[in-house]
Amino acid sequence: MSSGTTPGTAPVADLRSDTLTRPTRGMREAMVSADVGDDVYGEDPTVAALEARVAELLGHEAALFMPTGSMANQIGLRLHAGPGQEIITDHLAHVLRAELGAAAAYSGITTRSWVADRGRIDVDTALQVMVPDGGAYQVGTACVVVENTHNFGGGTVQPLDEMQRLRQETASVGVGVHLDGARLWNAHVATGVPLADYGSCADTVSVCLSKGLGAPVGSVLVADTDRIARARVLRKRMGGGMRQVGLLAAAGRYALEHQLDRLAEDHARTAAVAAAVGEAFPGVVDAARVETNILVLDVGAAGWPAAEFVAAVGDRGVHGYPTDARHARFVWHLDIDDAMTRHAQETLLAALDERAAGRAS
Ligand SMILES: *Cc1c(COP(=O)(O)O)cnc(C)c1O
């Protein structure tokens, strides 16, 4: 599916995900000219520079470049928990819903979860669910996972003070925290909270370079030096040891330098559409709760099954993703401009109007 503007036709807005971004010209140039070496031997200078930069940004000792965010999360979890231990998180978490059971399949880790409003962190419930020392009777909780921003929650930003409280309460009983920060960049840009402040709330943090930042591939896991040494072994065992991969790390370095601050533009476009839709259809979205680049519409509240709504607006060149039976997700990113945003807004409103009119008649 191509996106872009052809003269004389309505622009196509592919808002299925912020993974759809294509490398910019400057990024491609940085990739072509990257210094490289064999990274399994630890000899790729561009990978080393990227890892050092991300560790520094997040205030941790060390970092490891990974092919995907799923691998970064799953190796992060494996550093906390082994077979028969559990991790706990909210019911919409990416590690539970979108990594195809990897924690169970690869690490023998069990999971429990609770229902969370828009994926928002709920420290009291987490502490209630957590079993710090299960002994010979109950499954022991090794780690609590926090996702910031929260993908299926609708780009929800986790409040720093709640993350800090979770960190303190879990650390005092020896339970770890993993931060799935695939879109931590968006939380940072939306709130101005330094990345290192978020980083200080977890033992292990994963971040994606291939979402709104616009790199074609790549995630990074950060932690202390000992954990990253173990993660290096686990990555190789999973088949994730890569060779002259500085070509890809160069894209990540470029993204951090040139394409981080512009996430604010994605947030502004998302907020504008949320405001327009929320004003006309308050039951479909509360614009005050749309915080970053993800717009989740409760199209069910307007009488649309999510899959039908996504198909209907898709026929008019606005592509989204049904996250469940009644919710449709639209994600803003680097390849979406103002004209596409206007087209998306008009199309979403028109489709919602039609169903409202149909129901009224
Ligand atoms: C995209 C994403 C990941 C990683 O996904 P990959 O496709 O494996 O890179 C992890 N967590 C969240 C919240 C995500 O949105």
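Residues numbered from 1 in each chain as written. Predicted model: local features only at pLDDT ≥ 70, side-chain atom pairs only at ≥ 80, totals over all residues. Heavy atoms only, no water.

Residue threonine 149 follows asparagine 148 across a cis peptide bond; omega there is -5°. Positive phi, close to 55°, is recorded for leucine 100, a residue that is not glycine. You can see leucine 100 is positioned in the loop between α4 (94–97) and α5 (102–107). The class of leucine 100 is exposed, set by a relative accessible area of 79%. Phi at arginine 118 takes a positive value of approximately 55°, unusual for a residue other than glycine. When you line up the elements, arginine 118 lands in the loop between β4 (110–114) and α6 (123–129). (Helix = DSSP H or I, 4+ residues; strand = E, 2+ residues; numbered from the N terminus. Buried < 20%, exposed > 50% of the residue type's maximum accessible area, 1.4 Å probe, protein only.)

At a minimum axis separation of 10 Å, helix α3 (residues 69–80) and helix α11 (residues 225–237) run at an interaxial angle of 120°. With respect to each other, α3 and α11 are oriented oblique. Handedness of the α3/α11 crossing: right-handed. The residues of α11 that touch α3, namely those facing Met71, Ile75, Arg78 and Leu79, are Arg227, Arg230, Ala231, Leu234 and Arg235. (Axes fitted to C-alpha atoms, helices over the stretch in contact; angles between N-to-C directions. Parallel < 35°, antiparallel > 145°, perpendicular 65-115°, else oblique. Left-handed = near helix turned anticlockwise from the far one by under 90°. Contact = heavy atoms within 4.5 Å.)

Attention now goes to the packing of helix α2 (residues 45–58) against helix α12 (residues 246–258). Between α2 and α12, whose axes approach to 8 Å, the crossing angle comes to 35°. In the packing of α2 onto α12, the handedness of the crossing is left-handed. Along the contact surface, α2 presents Thr46, Val47, Ala49, Leu50, Arg53, Val54 and Leu57, while α12 presents Gly246, Ala249, Ala250, Gly252, Arg253 and Leu256. Residues that form the contact of α2 with α12 fall into these classes: eight nonpolar, three polar and two charged. (Nonpolar A, V, L, I, M, F, W, Y, C, P; charged D, E, K, R; others polar.)

Counting residues in hydrophobic clusters, the biggest one holds 51 residues, and the most contacted among them are Phe65, Leu184, Trp185, Tyr198, Leu209 and Val220. For this core, the element with the highest residue contribution is α2, accounting for six residues. The residues touching leucine 209, leaving out its near neighbours within four places in the chain, are Leu50, Phe65, Trp185, Gly214, Ala215, Gly218, Ser219, Val220, Gly252 and Leu256. Ranked by size, the runner-up nonpolar core spans 31 residues in total, among them Phe281, Val299, Phe330 and Ile336. (Core = buried A, V, L, I, M, F, W, Y, C linked by side-chain atoms within 4.5 Å.)

Near the ligand there are 13 residues, and of these Gly69, Ser70, Asp180, Arg183 and Lys211 occur at the shortest range. Side-chain polar atom of serine 70 to an oxygen atom of the ligand: 2.6 Å apart, as the coordinates give it. Taking aspartate 180, its side chain carries an N or O atom lying 2.7 Å from a nitrogen atom of the ligand. Bound to the protein, the ligand loses 83% of the 380 Å² it would expose on its own. Of all the elements, α3 adds the most residues to the shell around the ligand, at three residues. (Near = heavy atom within 4 Å. Polar contact = N/O pair within 3.5 Å; in protein donor to acceptor, adjacent residues only side chain to side chain. Areas by Shrake-Rupley, 256 points an atom, 1.4 Å probe, with all protein chains shown as cover.)

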